[in-house]
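Results of the structural survey
In case you want the letters, here they are:
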Amino acid sequence: MMNDKVVAMLLAGGQGSRLKSLTYTIAKPALPFGGKYRIIDFPLSNCTNSGIETVGVLTQYQPHVLHEYIGLGTPWDLDRHNGGVTMLPPYAEIDGIKWYAGTASAIYQNISFLQSCDPEYVLILSGDHIYKMDYELLVDYHKEHEADVTISVLEVPWEEASRFGVINVNDEMDVLEFDEKPENPKSNLASMGVYVFTWEKLKEYLETDNVDESSSHDFGKDILPSMLQKGEKMVAYPFKGYWKDVGTVESLWEANMDLLDLNSGLNLHDPGWRIFSSNPQLPPQVITGTGNVQGSMVNEGCVISGEVLKSVIFQNVMVEEGASVSESVIMSGVTIGKNVKLHRAIVPPRLDVPEGFEVSNQKDEVVLLTQEQLDEWKERGGK
Amino acid sequence: MNLMAVVDASVKKEGLQDLTMQRTVSSVPFAGRYRLIDFPLSNLVNSGVNTVGVFPTYPFASLLDHIGVGKSWDLDRRKNGLFFLPVTQRDGGISSVGAFGALEEHIQFFTKSIQPHAVVINSFIVSQLDFKDMLDQHIQSGADITEAVSGGVSLKTYILSKDLLIDLIRTHRDKKVVSVEDVVNLKKSPYKFNEYEYEGYFAVIDSVQSYFQASLALLDEENRKQLFLADRPIYTKVKDEPPTRYVSGCHVERALVANGSTIMGQVADSIISRAVYIKKSARVEKCIIMQKCVIEENCDLSYVIADKDVYIGEGVVLHGTAEQPIVLRKGEKVTKEDMR
């Protein structure tokens with residue numbers, strides 16, 4: 001495995017306000033995904049599969065579910081005597097509580113944690129991205145290029161490039177310029193928010209940034225531009241494969257649908273790169289005599305007596321007779337009553353969708369079901 | 001809890017030979033994602049018992065791999081917990097439950113433990129027995145030995161005081177009795193016996209036939225409701241398998257399916273374990289397909305038990321009967337050429 005010590009710092013404090021009610025009580029990295037996972041399983045499993053054994057998880061917004069979920073890190077083999085996972089919420093000091101003001105300030109405030117780990121390299125990861133990536137290759141690339149910082153980049157369609165932080169490079173993949181959401185992008189290489197820093201360099205810049213009153217203490221906006229300006233060696237690492245930043249209800253839905261496409265590049269059935277997760281103790285799923293499941297993923301504990309087409313079904317979901325669910329994401333513990341019709345719906349955990357309920361989304365937009373919506377429907381007498 | 005447990009995992013069942021070439025009866029896969037031993041172990045922890053000795057004979061590698069230090073059952077403890085106590089073939093491997101010779105090999109397990117009562121159980125009967133309830137009834141009855149029964153069928157589960165058990169272990173040669181089961185079945189006996197009537201699901205797995213029937217009986221909702229209780233879960237060693245994929249064009253009805261599988265063909269009235277691959281136009285009816293089996297295109301199978309890692313090549317046709325299901329042994333490869 002890795003010779004020089006790498007510590008991963010996983011930023012998991014994000015709110016994800018565009019995910020609406022899905023993230024009222026949990027942080028975005030804790031969001032359920034893919035029938036049994038939470039999004040943070042992906043970067044954590046990438047660490048395990050890449051041989052990274054020391055991981056700090058930085059939490060701030062609604063941290064309880066995440067803290068409980070990650071626990072000692074057992075599902076990811078991160079319950080170690082040396083290293084392992086450390087949860088890093090904001091904390092109080094003699095001169096007050098210091099909230100994480102930005103991505104860089106979150107790392108700065110945990111400099112003492114990093115110093116105690118004594119790493120050669122620090123890997124900065126985001127807890128809300130869905131992808132499978134071998135970080136060992138990224139660190140090797142960083143070493144080969146003798147870089148101070150390496151930014152992982154992804155080729156995106158040109159028409160979408162203006163939604164991303166775009167990186168302009170020369171033929172040697174040296175970074176020349178940063179363009180945060182440019183109107184007229186000069187390149188289609190998007191930053192994935194995955195960085196490797198040589199620790200000594202990172203420390204130096206974090207300390208300078210901390211005392212800069214004009215800084216927003218963000219990696220993309222402050223630290224990286226300032227390193228570029230000072231002429232530090234900055235290279236781009238071209239990542240190839242599936243990568244998705246799940247920021248909205250639509251993109252969460254899309255990412256789930258991608259799982260159903262056998263050619264999407266996101267294969268969960270690869271025994272060589274398992275996505276680890278906590279595994280609830282539930283009986284196998286049952287497809288009854290009236291059930292019909294097509295082009296879908298179904299988790300344990302489910303009983304399917306209705307029709308399920310192109311959908312992702314989490315654990316412990318009941319789909320009753322006569323119900324029809326298509327192109328939908330049904331989260332854990334949901335009951336879909338008799339004759340319910342759902343198309344392009346996301347149903348949050350433990351919702352009880354009453355008999356006869358129908359989602360009327362003719363325009364094919366994705367609908368996020370809420371308890372309020374169901375209550376109103378019942379008040380109207382089921383219309 | 002003042003009860004310790006002996007899980008006799010050394011009992012041999014001739015009728016299960018095809019499924020126990022490389023494992024003990026206790027580690028025979030059941031219900032898609034479990035091993036038989038999961039049921040007694042889960043019943044014990046759900047009853048509050050946390051001192052558990054598992055007594056297997058060879059070949060116990062798969063059992064050891066499965067239960068490990070007992071983490072899945074919360075039996076990885078500093079105080080009490082799971083004790084893995086293998087016994088020699090000479091003393092174990094008989095057909096009655098609680099062989100004294102086998103228990104004698106680990107007499108310290110009994111002398112060192114602090115619980116005054118012991119329950120001796122087997123791992124070939126699947127049930128939801130509540131040992132706390134059974135112990136309460138045993139103490140109330142004032143009997144020396146209590147046997148669990150259900151509708152006249154012995155569940156081969158016995159509660160007795162630990163002192164009596166130790167005494168029986170030490171003196172069994174003079175008394176010419178070989179096991180706890182043997183003592184209970186003696187016609188003349190100085191002991192006072194009591195029966196504990198269990199009402200609920202149970203299945204005795206002692207032959208390929210009974211295994212097949214008990215497995216398919218789980219497709220009946222009533223049986224599942226009695227065996228899989230939300231407040232008394234059946235624990236097992238978990239695997240990080242993704243949810244099962246049902247590819248468009250598949251047809252699945254009346255099936256119990258574990259995670260990690262990919263189904264493209266037709267499945268009816270069957271048990272499909274973890275990480276099974278059933279390819280296009282294959283037909284699987286009234287079958288038990290265990291972990292990591294691959295069933296190629298255009299196969300036609302009915303009344304087949306395919307043990308772990310079985311490969312069934314394209315176009316293979318195999319039809320057993322309810323009385324005599326075809327058993328494909330662990331790792332077996334079957335191709336159309338073999339069929340001629």
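Calculation rules
- Residues numbered from 1 in each chain as written.
- Chains lettered and ligands numbered in written order.
- Predicted model: local features only at pLDDT ≥ 70, side-chain atom pairs only at ≥ 80, totals over all residues.
- Heavy atoms only, no water.
- UniProt positions renumbered as here; feature names shortened; annotations may be inferred.
- Helix = DSSP H or I, 4+ residues; strand = E, 2+ residues; numbered from the N terminus.
- Buried < 20%, exposed > 50% of the residue type's maximum accessible area, 1.4 Å probe, protein only.
- Contact = heavy atoms within 4.5 Å.
- Areas by Shrake-Rupley, 256 points an atom, 1.4 Å probe, with all protein chains shown as cover.
- Lys, Arg positive; Asp, Glu negative; His and termini not counted.
- Charge placed at Lys NZ, Arg CZ, Asp CG, Glu CD.
- Buried area = accessible area lost by both parts, 1.4 Å probe.
- Salt bridge = Lys/Arg side-chain N within 4 Å of Asp/Glu carboxyl O.
- Polar contact = N/O pair within 3.5 Å; in protein donor to acceptor, adjacent residues only side chain to side chain.
- Nonpolar A, V, L, I, M, F, W, Y, C, P; charged D, E, K, R; others polar.
- Pairing = 2+ DSSP bridges.
- Domains from an automatic or database assignment.
- 1 Å grid on protein atoms, 1.4 Å probe; cavity = no way out; pocket = protein on both sides within 12 Å on 5 of 7 lines; lining within 4 Å.
- Points joined across faces, edges and corners; volume = space filled by probe spheres on them.
- Axes fitted to C-alpha atoms, helices over the stretch in contact; angles between N-to-C directions.
- Left-handed = near helix turned anticlockwise from the far one by under 90°.

The name an unreviewed UniProt entry assigns to chain B is Glucose-1-phosphate adenylyltransferase, from the organism Planomicrobium stackebrandtii. Taken verbatim from the UniProt record of chain B, the Sequence similarities (unreviewed entry) comment is "Belongs to the bacterial/plant glucose-1-phosphate adenylyltransferase family."

What chain B contains, in helices and strands, is ten helices and 25 strands. For the C-alpha atoms alone, the extent of chain B along its principal axes is close to 65 × 40 × 40 Å. Residues counted as buried form 59% of the 340 residues belonging to chain B. Summarising the internal contacts of chain B: among those between residues at least 6 apart in sequence, 57% fall at separations of at least 24. Surface exposure of chain B reaches about 13600 Å², of which carbon and sulfur atoms provide 48%. Each charge class in chain B was averaged separately, 40 positive and 43 negative side chains, and the resulting centres sit 5 Å apart.

On the side of chain B, 35 residues touch chain A, which itself brings 33 residues to the contact. Of the roughly 2800 Å² buried between chain A and chain B, counting both surfaces, carbon and sulfur atoms make up 50%. Viewed at the interface, chain B and chain A are joined by two salt bridges. For the interface between chain A and chain B, the tally reads 22 residue pairs in polar contact (both at pLDDT 80 or more). Here the residues of the side of chain A that touches chain B are counted per class, giving 14 nonpolar, 16 polar and three charged. Here three bridges tie strand 16 (residues 285-287) of chain A to strand 13 (residues 251-257) of chain B, and the two strands are oriented antiparallel to one another. Residue pairing in the sheet places V286(A) in a bridge with L256(B) of strand 13 of chain B.

This part is about the pattern of salt bridges. All names here are of chain B. Following the criterion strictly, the structure yields 29 salt bridges over all chains and no others. The salt bridge partner of R232 is D130, with a shortest N-O separation of 3.7 Å. Taken together, the positions of R232 in the loop between helix 9 (221-227) and strand 12 (244-246) and D130 in the loop between strand 7 (125-127) and helix 5 (131-141) put the pair 102 residues apart, joining distant regions of the chain. By relative accessible area, R232 is classed as buried at 13%.

Here the focus is the side chain of R33(B). Locating R33(B) in the fold gives a position in the loop between strand 2 (29-30) and strand 3 (34-35). Polar side-chain contacts of R33(B) include one of 3.2 Å to the side chain of Y34(B). Among all residues touching R33(B), those that are not within four sequence positions of it are P280(A), Q281(A), L282(A), P283(A), P284(A), E300(A), D38(B), T236(B), A258(B) and R274(B).

A separate point is the UniProt feature "domain: Nucleotidyl transferase" (unreviewed entry) in chain B. In the numbering adopted here, UniProt assigns the feature "domain: Nucleotidyl transferase" (unreviewed entry) to residues 16-148 of chain B. The span residues 16-148 of chain B is 29% helical and 20% strand by assignment, and the distance between its end C-alpha atoms comes to 24 Å.

Moving on to the domain arrangement of chain B. All names here are of chain B. Assigned domains of chain B: these are domain 1 (3-227) and domain 2 (245-334). Averaged C-alpha coordinates put domain 1 and domain 2 at centres separated by 32 Å. Counting from both sides, the interface comprises 19 residues of domain 1 and, opposite them, 24 residues of domain 2. Of the roughly 1900 Å² buried at the junction of domain 1 and domain 2 (both faces included), carbon and sulfur atoms supply 66%. Measuring nitrogen to oxygen at the nearest pair gives 2.7 Å for the salt bridge that ties D18 to R329.

Gaps left between atoms are located by rolling a probe of water-molecule size over the structure's atoms. Residues and elements named next belong to chain B. One pass over the full model with this rule turns up three cavities of 30 Å³ or more. A volume near 80 Å³ is recorded for the largest cavity. Together, P40, N43, I121, N122, I125, S127, L129, F131, L155 and T157 line the largest cavity. Among the elements of the structure, helix 1 (38-46), strand 6 (117-122), strand 7 and strand 9 (153-161) are those that each provide at least two residues to the lining of the largest cavity. Taken together, the residues of the lining of the largest cavity break down into six nonpolar, four polar and no charged.

This paragraph deals with the packing of helix 6 (residues 199-210) of chain A against helix 7 (residues 219-229) of chain A. Residues and elements named next belong to chain A. At a minimum axis distance of 10 Å, the contact between helix 6 and helix 7 shows a crossing angle of 115 degrees. When you trace helix 6 past helix 7, the crossing you get is right-handed. Mapping the contact onto sequence places K201, L202, Y205, L206 and D209 in helix 6 and F219, D222, I223, S226 and M227 in helix 7.

This part is about helix 1 of chain B. Residue and element names in this part refer to chain B. Of all nine residues making up helix 1, eight are buried, and the element is well covered by its neighbours. Considered for burial, the residues of helix 1 that qualify are D38, F39, P40, L41, S42, N43, L44 and V45. G48 sits one or two residues past helix 1 and shows a positive phi near 85 degrees.

Right, let's get into the environment of S141(B). Residues and elements named next belong to chain B. Its location among the elements puts S141 in helix 5. Here the alpha-carbon distance between S141 and I278, two residues 137 residues apart in the chain, equals 54 Å. What S141 contacts, discounting residues up to four positions off in sequence, is T146, K192 and N194.

Turning our attention to the sheet that holds strand 17 (residues 292-294) of chain A. All names here are of chain A. Across the sheet, which stays open at both edges, the four strands sit in the order 17-20-23-26 with parallel pairing between neighbours. The open sheet is flanked by strand 17 and strand 26 (341-343), the only strands paired with a single partner. Direction aside, neighbouring strands of the sheet carry axes that sit 5 degrees apart on average. As judged from the three bridges shared by strand 23 (residues 324-326) and strand 26, these two strands associate in the parallel manner. Directly across from S324, in strand 26, lies its bridge partner K341.

With that settled, consider the layout of surface pockets. Within this model, the largest pocket holds a volume of roughly 1600 Å³. K28(A), S126(A), D128(A), H129(A) and D245(A) are, among the 48 residues lining the largest pocket, the residues nearest its centre. Of the residues contributing to the lining of the largest pocket, the split by class is 17 nonpolar, 18 polar and 13 charged. Taken together, 36 residues line the second largest pocket, and the ones lying closest to its centre are T74(A), Q281(A), K71(B), S72(B) and V238(B).

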